[in-house]
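# Reading the structure
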Amino acid sequence: METQESILLQKVTRKLIPFMFVLYIVAYLDRVNVTFAQLQMKKALDFTDTVYGIGSGIFFVGYFLFEVPSNLILERVGARRWIARIMVTWGIMAVGMLFIKSATAFYAMRFLLGLAEAGFFPGMILYLTYWYTAKERARMIASFMIAIPFANIIGSPISGKLLSLEGFGLAGWQWLFLLEGIPAILLGIVVLFYLPNNPQSAKWLSKDEADLIQSRIDAERSHKEEHSHGSLKAAISHPRVWQLCLIYFTLNVGAYGINMWLPQIIKSFGKLSDVQTGFLTAIPYVAGAIGLLCNGYHSDRTQERRLHVAFGALVGAIGLFISGQLKSPVGQLCAITVAQAGFNAMLAPFWTLPVAFLVSTAAAGGIAFINSVGNLGGFVGPFLIGKLKEQTHSFAIPLTVLSVFLFVGFLLTYALKKDVPTGAETEEG
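Residues numbered from 1 in each chain as written. Predicted model: local features only at pLDDT ≥ 70, side-chain atom pairs only at ≥ 80, totals over all residues. Heavy atoms only, no water.

### As for the nonpolar core
Counting residues in each nonpolar core, the largest one holds 125 residues, and the members touching the most others are Ile83, Trp90, Phe120, Trp131 and Trp351. Counting residues per element, this core draws most heavily on helix α1 (residues 4-32), which supplies 15 residues. Excluding residues within four positions of it along the chain, Trp351 makes contact with Phe121, Ile125, Ile141, Met145, Tyr248, Ile367, Ile370 and Asn371. (Core = buried A, V, L, I, M, F, W, Y, C linked by side-chain atoms within 4.5 Å. Buried < 20%, exposed > 50% of the residue type's maximum accessible area, 1.4 Å probe, protein only. Helix = DSSP H or I, 4+ residues; strand = E, 2+ residues; numbered from the N terminus. Contact = heavy atoms within 4.5 Å.)

### Concerning the layout of surface pockets
If you add up the space inside the largest pocket, you get close to 210 Å³. Forming the boundary of the largest pocket are 13 residues, of which Ser268, Gln332, Ser394, Phe395 and Ala396 lie nearest the centre. Residue classes in the lining of the largest pocket are distributed as 6 nonpolar, 5 polar and 2 charged. Taken as a whole, the second largest pocket holds about 170 Å³ of empty space. As for the second largest pocket, its lining consists of Arg80, Leu192, Phe193, Tyr194, Leu195, Pro196, Asn197, Ser201, Ala202, Lys203 and Trp204. Top element by residues in the lining of the second largest pocket is helix α10 (residues 172-194). It accounts for 3 residues. Its residues assigned to classes, the lining of the second largest pocket shows 7 nonpolar, 2 polar and 2 charged. (1 Å grid on protein atoms, 1.4 Å probe; cavity = no way out; pocket = protein on both sides within 12 Å on 5 of 7 lines; lining within 4 Å. Points joined across faces, edges and corners; volume = space filled by probe spheres on them. Nonpolar A, V, L, I, M, F, W, Y, C, P; charged D, E, K, R; others polar.)

### Thoughts on the packing of aromatic side chains
How two aromatic rings sit relative to each other is given by the distance of their centres and the angle of their planes. Tallied over the full model, the rule gives 28 aromatic pairs. Arranged with centres 5.8 Å apart and planes meeting at 15°, the rings of Trp131 and Trp204 form a pair that is stacked. Within this pair, whereas Trp131 is found in the loop between α7 (120-128) and α8 (134-145), its partner Trp204 is found in the loop between α10 and α11 (207-225), the two being separated by 73 residues in sequence. Residue classification places Trp131 among the buried residues on the basis of a relative accessible area of 0%. Where Phe350 meets Trp351, the ring centres are 5.1 Å apart and the plane angle is 90°; that geometry is what we call edge-to-face. (Phe/Tyr/Trp six-rings, centres within 6.5 Å; stacked < 30°, edge-to-face > 60°.)

### Quick look at the environment of Gly91
When you line up the elements, Gly91 lands in helix α5 (residues 79-96). Linking Gly91 and Phe177, residues 86 residues apart in sequence, is a C-alpha distance of 9.7 Å. Setting aside anything within four residues of it in sequence, one finds Gly91 in contact with Gly181, Ala184 and Ile185.

### Some words on the pattern of salt bridges
If you walk through the whole model with that rule in mind, you get 8 salt bridges. Across the salt bridge formed by Glu5 and Arg216, the nearest N and O atoms sit 3.1 Å from each other. Of this pair, Glu5 sits in helix α1 while Arg216 sits in helix α11, and the two are 211 residues apart along the sequence. What makes Arg216 buried here is its relative accessible area of 11%. Note that Lys11 and Glu209 form a salt bridge whose closest N and O atoms lie 3.2 Å from each other. Here Lys11 is found in helix α1, whereas its partner Glu209 is found in helix α11, with 198 residues between them in sequence. Since its relative accessible area comes to 22%, Glu209 is described here as partly exposed. (Salt bridge = Lys/Arg side-chain N within 4 Å of Asp/Glu carboxyl O.)

This is how it looks when you write it as structure tokens:
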């Protein structure tokens, strides 16, 4: 028989998670749609592989610079206004990508897009801590973060099709940036009217319901505060935070290295149209969605986090290594599909680790700090592939190099102390 608490959590989930899922699809699509635009843009603007690798990755430099301040501002002014601001700003930057004419402009706009979007993802992770306790969090993070593979499953065929548009003086790659940037602006306005800051400001909750949710969060927080770190300075100086930064860095080197180049890797298989490339690009992300959901739900059921993250890193490393050794396009695509399942399987259990021992300001700043430092891997991965491909004229060595980063991530995760809080526990001492 369902308890009042479980029924209430189902109500909260129905109201929040589908909406957050849609927001993240739009966010992620605007971040990576340059992967399809470059199928035309590189030739139209005479960009080398290195220029594209730097431009796609420099997004994460802007992201790094403003992530922690952004999350601290969200904690102060509330999620509703700050998430709306982030979305409208990044939507404007995403549309502005259609005006680039040179490598310098490409670098500048990608940097500004990262600056504008900074704080969105860690803000969403922080926002979930206002509603759910640690034991439910991996499942909720998985339900929200499945937007990553879905953005690619849906966005890859659409982006491939948009490249065929032409008119009003705009090429296909410019139409892609325009039509995929506008939804962020519109949804940012919707956020102002739909997203409550916390349980107390949710109009669809009664006072008793809001109090019940808040009491669960307060009880967990007060218990954690006896054992954990509540200041930003303590969080950033904590060795465990730096361990998590390094693990997330290796994940992003591999994940973004592949994601930013996947359409071009698939295009290299043979004479494929942009639309065909789009549909084939979606295949690995289906496996990614399955890996993310299954590993997240199993992690919550067992209340184990460390090995679930390590398992995903190992699968990702093996998939990338094999893809770098194969010559068969079908074999390469299958190996990359396995790697995508591994990347995505890491995500939900990974993001339960910092919020298990950080609270209050430390949680806001610590989550953002781990995400910002770790996302610098999103610069390194695409840059490495571009540079190495330009030198070797092949994706074999770049894919093998990325696999090494994922294997290092596996070793770092496995080396985490077994007493790292997993959600069911708190840190001792």
